[in-house]
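# Descriptive analysis of the structure
Given next are the chains, with one letter for each unit.
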Protein chains: 2
Amino acid sequence: MHELGGDSSTVDVVVVGAGLAGLCAARELGRAGATVQVLEARDRVGGRVLSRQLAAGPVVELGAQWIGPGQEHMAALVQELALTPFPQHCAGDKVLSLGGKRSTYKRDIPSLPLLGLLDLDRTIKKLEAMARTVPLGAPGQAPRAREWDAMTVETWKRKSVLTAGARALVDVAIQSIFSAEPAEVSLLHCLWVLQAGGGLMKLSTIQGGAQQTRLREGFQTVAERLAAELGGQLQLSAAVRAVVQSEDGVTVHHSRGAVRGQRVILAIPPTLAGRIEYEPALPVARDQLTQRMPMGSVCKCVAVYERPFWRERGLSGEAVCDRGPVRITFDDSPAAGEGEHGALVAFVLADGLRELRELDVAGRRKAVISALVQLFGPQAGEPLDFIEQDWGAERWSRGCYFGLMPPGTLSRYGAALRTPCGRIHFAGTETAERWLGYMDGAVESGRRAATEVLPLLALGAKR
Amino acid sequence: MHELGGDSSTVDVVVVGAGLAGLCAARELGRAGATVQVLEARDRVGGRVLSRQLAAGPVVELGAQWIGPGQEHMAALVQELALTPFPQHCAGDKVLSLGGKRSTYKRDIPSLPLLGLLDLDRTIKKLEAMARTVPLGAPGQAPRAREWDAMTVETWKRKSVLTAGARALVDVAIQSIFSAEPAEVSLLHCLWVLQAGGGLMKLSTIQGGAQQTRLREGFQTVAERLAAELGGQLQLSAAVRAVVQSEDGVTVHHSRGAVRGQRVILAIPPTLAGRIEYEPALPVARDQLTQRMPMGSVCKCVAVYERPFWRERGLSGEAVCDRGPVRITFDDSPAAGEGEHGALVAFVLADGLRELRELDVAGRRKAVISALVQLFGPQAGEPLDFIEQDWGAERWSRGCYFGLMPPGTLSRYGAALRTPCGRIHFAGTETAERWLGYMDGAVESGRRAATEVLPLLALGAKR
C-alpha cells in the first residue's frame, strides 16, 4: 500500500513531533550514539510552545508560559542552555470578579464571605487528599479509581462543594488548569493531573507554584536550541501519514517522503496519533484511547500597553473572573530592562471560548478587551497591540493545553498511553508521570521514551 | 499538497462510505438525476452490517441483526427489495443469571425479588419520562440538558436506582444498547438514544421491540442490492485520505485516485471522519466533536449447534447475565425451512469485552462457550461452529455499534454532528433523528443528506 518514495533514508530511530518531548527524545538518543530523524508537521519547532517577538517590544508566549518549583527537567534545561529565567510579576493586589461584583484580595485564595472561604479551603484540602491516593505511575490502581472514573468533576463538585462562591472558584480553577469545564473531565483524571503537579494550590499559584517563572527569551527558544543541535536530523513540514511495521523495522511515511528506522517514537498528542494510519493496525485498546482523549479549549489573548498601568494602582495584573469570556489574567509585561511596555495575558477557556468563537475577529477582540476594562479599568481599553491564539484552530495540535480524559477512559485505557506497540513508542506530556500537561512533563516523557528505546537498538548495525 | 492522480473523475456528489447511509444517499441522489461516486474503504459494502453464510447452513449476522416496529425506512426498503423478514424466535422462558444465581422468567422484565422489581419498574418509567423531554432534533435544547450532560449514566444510576438487582439489570440494559458501561456515557446522550428509539423497553425487547424481526437473506443483502443498482458508481477498497474544498468544488483523495464533485457526503462515523485530512481545516467545533465520539465495544459470538436444543427444554434462547463475558444472548437459529441447525448469538460488551481481549482466540472461545453452558446447560458446550466478530478490531469501524458521547459533548458539540461544513455534508446513523445507532437511523440519515444536497447542485452543469 505504501511504497518508499524517492526521499527515503534510514536511521536508528524516527521521532515524530518536534515539540519538547520529541526534541528531548532525539537529543538523548543522539547522545547515546543512535542516529535519529525528527519529523515535524509544522514549519516550526516547539509544538504547543510558541513565543512571538512583538513589534512593540516584548516577547510574548502564545503557548506554554511558565515553569515552577519541582519542574527539575525544565529548570536544568534552561540552565544548561544558559537562558534567562525571570519571576512572574505578582506584587500587588489581585482582582476577583464574582457574580458581576469586583473586589481585590492579597492572598493565594480569593476573598469570599467566611462560609465560602471555609468551604473552599475544605474543598481544596479534600481534593488534594484524594489526589494523594492516586499512584502517578498507575492511576488506574488508585483504591477508588473505578468510582472516581465513573463521574465527572462536576458531579463531585455538586455533591461536595456547598457554597456558590466556592463552586464558582472551583469552576475557574478547573477551567484554568484543564482548559475544560468540570463536566468534561473524569474526576480520576483530574486528581491524577493535580497530583502529578503537586496539588491544586501549586497548580493555581504564582509564588511557589506552576506560574512562578518566565523566560526572557521565550520558551520556544528552548525548542529552537535543541533543534539547532539536531541540524539535518530534523525535517520540518513533514506531516506523518502512516507507520508501517515489518519484522525488521518500521517505515514512517510523511508528506515529503519516508524514513526507515528500527524504532519510532510518537511524540504527539494521542488524538493526533489516532489520525495516523498504522500497518498492522494497533491494538484495540490503543486505538480506543486515541478516540477518547479530546484536546482542551483555550485561547490566549495578549494585550500590550504603553506601560503596566495597573501596577501604579497597586494591582498585580492577576485576576479571577467567573463571567464573560476571560477567566484568569496575569501580568505579561517584559522582564526588567526589556522595555517599558506593559502587557496582560487573558485566558479564554472552555465554554467561554466556545461562546467567543461565535464572534468574528473584531467581536472577539472587543469582548476580551471589555472584560479587561471591567477588571483593570478604562486604561485597559486602548491596547497598542492585541494578539489572540486559539489553539483549537491549530491543525497540528487540535486544541490545548493537553489531551483530556472523560469518564471511563483512564481506568480502562490508561495503560495504553505509553505501552509500546511493537516498534512504536509513545512520548508527549500526556504520557508523563509528573507534570502531566506541562512542559516539564513533555521533557520527562521524551527522555523516558529514549531510555525505553535505547536498549532495544542494534546500534551501529545499520551504519 | 494534493494533486489529482491519474485515476480522477468528476461527478455531482461524492459519497464516502458504502454502509446503509451512504448507499441510500447515493440512491436518492441518482434517482433525482445527480451523478454520484461512492467510495468505500473496505472490499465489501454494508459497513457495520455484515452477514455470513456458514458452511453449516445458516446465514448469521455479525453486525446489525434486527429491525422492529417504528423502523419505517428499513421496513419499506426490505419490502421494496422483496426480501424476506421473519420473526426473531422468542417462544419459551428466558434465562436470568444474577450474582451467579440462575433462574428463568416469562415476561419482558426479568424476575427479581418484589422490591427489586418495583425499583426496576420505577427506574424504567423515570428514564423514559426524562427521555421524553429530549427534543430529537435538538437534544441540547432539553430543559435539563446541561445538567444531564454533566453526569454519566452511572452517576444517575447510583443516585436513583436503589436495589442491587435493579442496578445490575440497568447495567446490562445500558451495556446491551450502548455497547458501553454506564460510566462511559453522558446521561443526556443516553436519554437521546432511548428517545430516538421509542424508549428503553422498546430497545430492550423482542416482540414489539427493536429485536423483533430478522431477515432470511441477511441484512447485508440490503446493502448489496443497493450497491448493485450503483454499478460503476461504487468503488471498493478506496480509503479516503483527504477532502479538499475550493471555490468551485471539492476533491476527494483516496487510496486509488481522486474524485471531484460539487458536494461530498461523509457517511461514516465521526471518529473515522476525524481521521481524514481537510483543506481548508474544518471548524473547531466539528474537529472537537470528532475527537470525542469513541465507538462502543462489542464482540458478537455465534455458536452453531445441530439443533436448537434449548427450545426442547422450554427456553427461548434469550438470556440476561450480569457476570462473566456474556451479557445477553438470543436464539440465532435460521428461519423455518432453512435447515435444522440451532444457533445462539452471545453479546460480549464493554468491560466484559475489554477483559476477554486479554485472552487468545482459544481462551476467548472457551470463556464464551462456558458462559453459554452456564446459561443453557452442557449441550451448549459442543458447538459445530463458533464465530467471533470483535468490531473494535475493524479498522474501518473502530468499534460498534455507534459513536458514543461522554459527558460535555452533546450539549456543547452536538450541533456539529450534521451541520454542513461548506461543501461537506454528514450522514451516518449517529446523525439520525430517529433510531440513532440503528440501521433505520442510517437509512434516514442518508436520505436526509441527499435531500440537503440536492437543491444545492447545479444539475447537468458539469455534463
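Because the structure is a prediction, the values reported are computed rather than measured.

This next bit is on the overall build of chain A. Helix and strand counts for chain A come out as 16 helices and 21 strands. Expected size for 463 residues packed as a compact globule is a radius of gyration near 23 Å; at 22 Å, chain A falls within 12% of this value. Seen along its three principal axes, the alpha-carbon backbone of chain A occupies a region of about 65 × 50 × 40 Å. Looking at chain A as a whole, 58% of its 463 residues qualify as buried. For chain A, contacts bridging at least 24 residues in sequence account for 74% of all contacts bridging at least 6.

Looking now at the relation of the copies chain B and chain A. Turning chain B through 180 degrees and shifting it by 0.0 Å along the axis lays it on chain A, with an RMSD of 0.0 Å. The relationship between the two copies is best expressed as a two-fold rotation axis. In terms of C-alpha distance to the rotation axis, chain B has Arg-275 of chain B as its closest residue, with the C-alpha 2.3 Å off the axis. By residue overlap, the copies meet face to face through one surface: 100% of the interface positions of chain B are interface positions in chain A.

Take the domain arrangement of chain A next. Assigned domains within chain A: domain 1 (8-47 + 220-294 + 403-456), domain 2 (55-61 + 87-91 + 210-215 + 296-393) and domain 3 (113-204). On a C-alpha basis, the centroid separation for the pair domain 1 of chain A and domain 2 of chain A is 33 Å.

Turning next to the environment of Trp-148 of chain B. Residues and elements named next belong to chain B. Within the element layout of this structure, Trp-148 appears in helix 4 (residues 145-148). Separated by 41 residues in the primary sequence, Trp-148 and His-189 place their C-alpha atoms 8.5 Å from one another. Ignoring sequence-local partners within four residues, the contact set of Trp-148 consists of Ala-142, Leu-187, Leu-188 and Leu-191.

Each side of the interface is counted separately: chain B has 32 residues, and chain A has 32 residues. At the level of elements, helix 5 (153-160) and helix 11 (284-291) of chain B are the ones that each hand at least two residues to the side of chain B that touches chain A. In terms of residue count, helix 11 of chain B provides more of the side of chain B that touches chain A than any other element does, four residues in total. When the residues that make up the side of chain B that touches chain A are grouped by side-chain class, the tally is eleven nonpolar, nine polar and twelve charged.

All names here are of chain A. One way to put it is that helix 3 (residues 114-132) packs onto helix 7 (residues 187-196) with a least axis distance of 8 Å and a crossing angle of 85 degrees. It follows that helix 3 is roughly perpendicular to helix 7 by the angle criterion. When helix 3 is examined against helix 7, the residues Leu-127, Met-130, Ala-131 and Arg-132 are found in contact with a partner set consisting of Leu-191, Leu-194 and Gln-195. The residue makeup of the contact of helix 3 with helix 7, split by class, is five nonpolar, one polar and one charged.

Glancing now at the pairing of strand 12 (residues 249-254) of chain B. Residues and elements named next belong to chain B. In terms of burial, strand 12 is a largely internal element, five of the six residues being buried. The loop that links strand 11 (residues 240-246) with its antiparallel partner strand 12 comprises two residues. Summarising the sheet, strand 12 and strand 13 (residues 257-261) pair through five bridges and their orientation is antiparallel. Residue pairing in the sheet places Thr-251 in a bridge with Arg-260 of strand 13. Following strand 12, the chain reverses through two residues before pairing antiparallel with strand 13.

A few words on helix 14 (residues 361-376) of chain A. Because each turn of an α-helix spans 3.6 residues, side chains separated by three or four positions end up pointing in the same direction. Residues and elements named next belong to chain A. Its 16 residues place the ends of helix 14 22 Å apart at the C-alpha level, agreeing with the 22 Å of an ideal helix rising 1.5 Å per residue. What helix 14 keeps buried is the set Arg-364, Val-368, Ile-369, Ala-371, Leu-372, Leu-375 and Phe-376. All buried residues of helix 14 fall inside an arc of 150 degrees around its axis, so they share one side. Facing away from the buried side of helix 14 by over 90 degrees, the exposed positions are Ala-362 and Gly-363. Within two residues after helix 14, Gly-377 carries a phi angle of roughly 95 degrees, on the positive side.

Right, let's talk about the confidence of the model for chain A for a bit. Residues and elements named next belong to chain A. Averaged over every residue, the pLDDT of chain A is 95; residues scoring 70 or more account for 97%. For residues 1-6, every residue scores under 50 in pLDDT, and the model assigns this stretch ten contacts once sequence neighbours within four places are set aside. Predicted as a complex, the structure gets a pTM of 0.96 and an ipTM equal to 0.95.

The subject of this paragraph is the environment of Ala-336 of chain B. As for its position among the elements, Ala-336 of chain B is in the loop between strand 18 (326-331) and strand 19 (342-349). Sequence-wise, Ala-336 of chain B and His-425 of chain B are 89 residues apart; in three dimensions their C-alpha atoms are separated by 43 Å.

This brings us to the sheet that holds strand 2 (residues 13-16) of chain A. Residues and elements named next belong to chain A. Strand order in the open sheet made by the five strands is 10-3-2-14-21, with parallel pairing throughout. Pairing within the sheet leaves two strands with one partner each, and these edge strands are strand 10 (234-235) and strand 21 (424-426). The pairing of strand 2 with strand 14 (residues 263-266) spans four bridges and is classified as parallel. Opposite Val-14, over in strand 14, you have Val-264 as the bridge partner.

What counts and how
- Residues numbered from 1 in each chain as written.
- Chains lettered and ligands numbered in written order.
- Predicted model: local features only at pLDDT ≥ 70, side-chain atom pairs only at ≥ 80, totals over all residues.
- Helix = DSSP H or I, 4+ residues; strand = E, 2+ residues; numbered from the N terminus.
- Rg over C-alpha atoms; globule rule 2.2 N^0.38 Å.
- Buried ≥ 20, exposed ≤ 12 C-beta atoms within 10 Å, placed from the backbone.
- Contact = placed C-beta atoms within 7 Å.
- Least-squares fit on C-alpha atoms with pLDDT ≥ 70 in both.
- Domains from an automatic or database assignment.
- Nonpolar A, V, L, I, M, F, W, Y, C, P; charged D, E, K, R; others polar.
- Axes fitted to C-alpha atoms, helices over the stretch in contact; angles between N-to-C directions.
- Parallel < 35°, antiparallel > 145°, perpendicular 65-115°, else oblique.
- Pairing = 2+ DSSP bridges.
- Expected span 1.5 Å × (residues − 1).
- Arc of directions from axis to C-beta.
- pLDDT = per-residue confidence, 0-100.

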